[in-house]
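Here is what each chain is made of, one letter per residue.
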Amino acid sequence: NAGVMQNPRHLVRRRGQEARLRCSPMKGHSHVYWYRQLPEEGLKFMVYLQKENIIDESGMPKERFSAEFPKEGPSILRIQQVVRGDSAAYFCASSPRTGASGNTIYFGEGSWLTVV
Amino acid sequence: AQTVTQSQPEMSVQEAETVTLSCTYDTSESDYYLFWYKQPPSRQMILVIRQEAYKQQNATENRFSVNFQKAAKSFSLKISDSQLGDAAMYFCAYRSANSGNTPLVFGKGTRLSVIA
């Protein structure tokens, strides 16, 4: 059973470009979360999605950041017009339906964005 | 809003010895889950142990155990017979059980070094 799959693992973008990070949840999971980890800091929640719905985006910056989880395909975290401060590790996590598997969240291996 | 505090930015332990990592949290909820995640140099987030707030018995996973004090809102992690592979960042995390698949709230982490 494959875990949470993220790609790319490493991404380098110049200032002003767009970054797209993809996440395929674990099989059977319909809930996806995105977290950001700045250097030497903990993980900060960004957004929580179910298929075709954004449930909670309280941690998303108001501008340049967007996320989607379409009916088919992976979840996408999109960062437009990247700036150096966007350089971070972006983690995707997934969990099954409410009440299943005791509410444990499983993480992917992260995508490292470097803005030069 | 819930908060998680890890007051020890760094800890060290001799190989084969025991170390305890501290975590406190703040919440007005009575039903929730608590987790410890390990982040080794590979940066992957690995679930170490979890605790349901309604259970009085402390969770144990092999060499890892917790001391859960609900009234004090404390959730410490004890690592027994420390091994070199235990060296990592350890994050304490809280998750509400009241609203379905809510996001995890993380502390800032404790960096554990294991001395041979």
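Quick caveat, the model's predicted, so the values are computed rather than measured.

1. Let's talk about the overall build of chain A
On a plain count of helices and strands, chain A comes out with zero helices and 11 strands. Its helices and strands taken in sequence order, chain A reads β-β-β-β-β-β-β-β-β-β-β from the N to the C terminus. Over its C-alpha atoms chain A spans a radius of gyration of 14 Å, differing by no more than 12% from the 13 Å that the globule rule assigns to 116 residues. Expressed as lengths along the three principal axes of its C-alpha atoms, the size of chain A is roughly 40 × 25 × 25 Å. In chain A, the proportion of contacts linking residues at least 24 apart, taken out of those at least 6 apart, comes to 52%. A total of about 5,900 Å² of accessible surface is found on chain A, and carbon and sulfur atoms cover 46% of it. Put simply, chain A has 16 plus and 11 minus side-chain charges, and the middle of one group is 4 Å from the middle of the other.

2. Focus on the overall build of chain B
Within chain B, the regular secondary structure consists of zero helices and 12 strands. Secondary structure elements of chain B, listed N to C terminal, follow the sequence β-β-β-β-β-β-β-β-β-β-β-β. Reported as C-alpha extents along the three principal axes, the dimensions of chain B are approximately 45 × 25 × 20 Å. Every one of the 116 residues in chain B was classed for burial, and the buried ones make up 50%. Here the analysis covers contacts within chain B between residues at least 6 apart in sequence; of these, 55% occur between residues at least 24 apart. Put simply, chain B shows about 5,500 Å² of open surface, and 45% of that area lies on carbon and sulfur atoms.

3. Notes on the sheet that holds strand 1 (residues 5-7) of chain A
Residues and elements named next belong to chain A. What the four strands build is an open sheet, ordered 1-3-8-7; its pairing is antiparallel. Each of the sheet's edge strands pairs with one partner strand only, and the pair in question is strand 1 and strand 7 (65-68). Averaged over all pairs of adjacent strands, the angle between strand axes in this sheet comes to 15 degrees, irrespective of strand direction. Sheet analysis places strand 1 next to strand 3 (residues 19-24), joined by three bridges and oriented antiparallel. Bridge assignment links Asn7 to a residue of strand 3, and that residue is Arg22.

4. Notes on the nonpolar core
Counting residues in each nonpolar core, the largest one holds 25 residues, and the members touching the most others are Tyr25, Trp36, Phe75, Leu77 and Tyr90 of chain B. Of all the elements in the fold, those that place two or more residues in this core are strand 3 (19-21), strand 5 (32-39), strand 6 (46-52), strand 8 (64-69), strand 9 (74-79), strand 10 (88-96) and strand 12 (110-115) of chain B. When residues of this core are assigned to their parent elements, the largest contribution, four residues, is made by strand 10 of chain B. Once you skip the residues sitting within four places of it in the chain, Leu77 of chain B turns out to touch Val19, Thr20, Leu21, Trp36, Ile49, Phe64, Ser65, Val66 and Tyr90 of chain B. With 23 residues, the next largest nonpolar core counts Met26, Ala67, Ala88 and Tyr90 of chain A among its residues.

5. Notes on the state of the cysteines
In a disulfide, the sulfur atoms of two cysteines are covalently bonded to one another. Taken as a whole and judged by the stated rule, the model has two disulfides over all chains. The disulfide bridge from Cys23 of chain A ends at Cys92 of chain A, spanning 1.8 Å between sulfur atoms. Disulfide Cys23 of chain A-Cys92 of chain A: the torsion about the S-S bond is -60 degrees, which places it as left-handed. One end of the pair, Cys23 of chain A, is in strand 3; the other, Cys92 of chain A, is in strand 9 (residues 88-95), and 69 residues separate them in sequence. Each member of the pair, Cys23 of chain A as well as Cys92 of chain A, is classed as buried. Here Cys23 of chain B is linked by a disulfide to Cys92 of chain B, with a sulfur-sulfur distance of 2.0 Å. Because the sign of the S-S torsion sets the handedness, a value of about -70 degrees for the bond joining Cys23 of chain B and Cys92 of chain B places this disulfide among the left-handed ones.

6. Remarks on the side chain of Gln39 of chain B
If you trace the backbone, Gln39 of chain B turns up in strand 5. Residue classification places Gln39 of chain B among the buried residues on the basis of a relative accessible area of 4%. The contact partners of Gln39 of chain B, leaving out residues within four places of it in the chain, are Gln37 and Phe91 of chain A together with Gln44, Met45, Ala88, Met89 and Phe91 of chain B.

Quick notes on the rules
- Residues numbered from 1 in each chain as written.
- Chains lettered and ligands numbered in written order.
- Predicted model: local features only at pLDDT ≥ 70, side-chain atom pairs only at ≥ 80, totals over all residues.
- Heavy atoms only, no water.
- Helix = DSSP H or I, 4+ residues; strand = E, 2+ residues; numbered from the N terminus.
- Rg over C-alpha atoms; globule rule 2.2 N^0.38 Å.
- Contact = heavy atoms within 4.5 Å.
- Areas by Shrake-Rupley, 256 points an atom, 1.4 Å probe, with all protein chains shown as cover.
- Lys, Arg positive; Asp, Glu negative; His and termini not counted.
- Charge placed at Lys NZ, Arg CZ, Asp CG, Glu CD.
- Buried < 20%, exposed > 50% of the residue type's maximum accessible area, 1.4 Å probe, protein only.
- Pairing = 2+ DSSP bridges.
- Axes fitted to C-alpha atoms, helices over the stretch in contact; angles between N-to-C directions.
- Core = buried A, V, L, I, M, F, W, Y, C linked by side-chain atoms within 4.5 Å.
- Disulfide = S-S within 2.5 Å.

Honestly, it's all geometry; don't read function into it.
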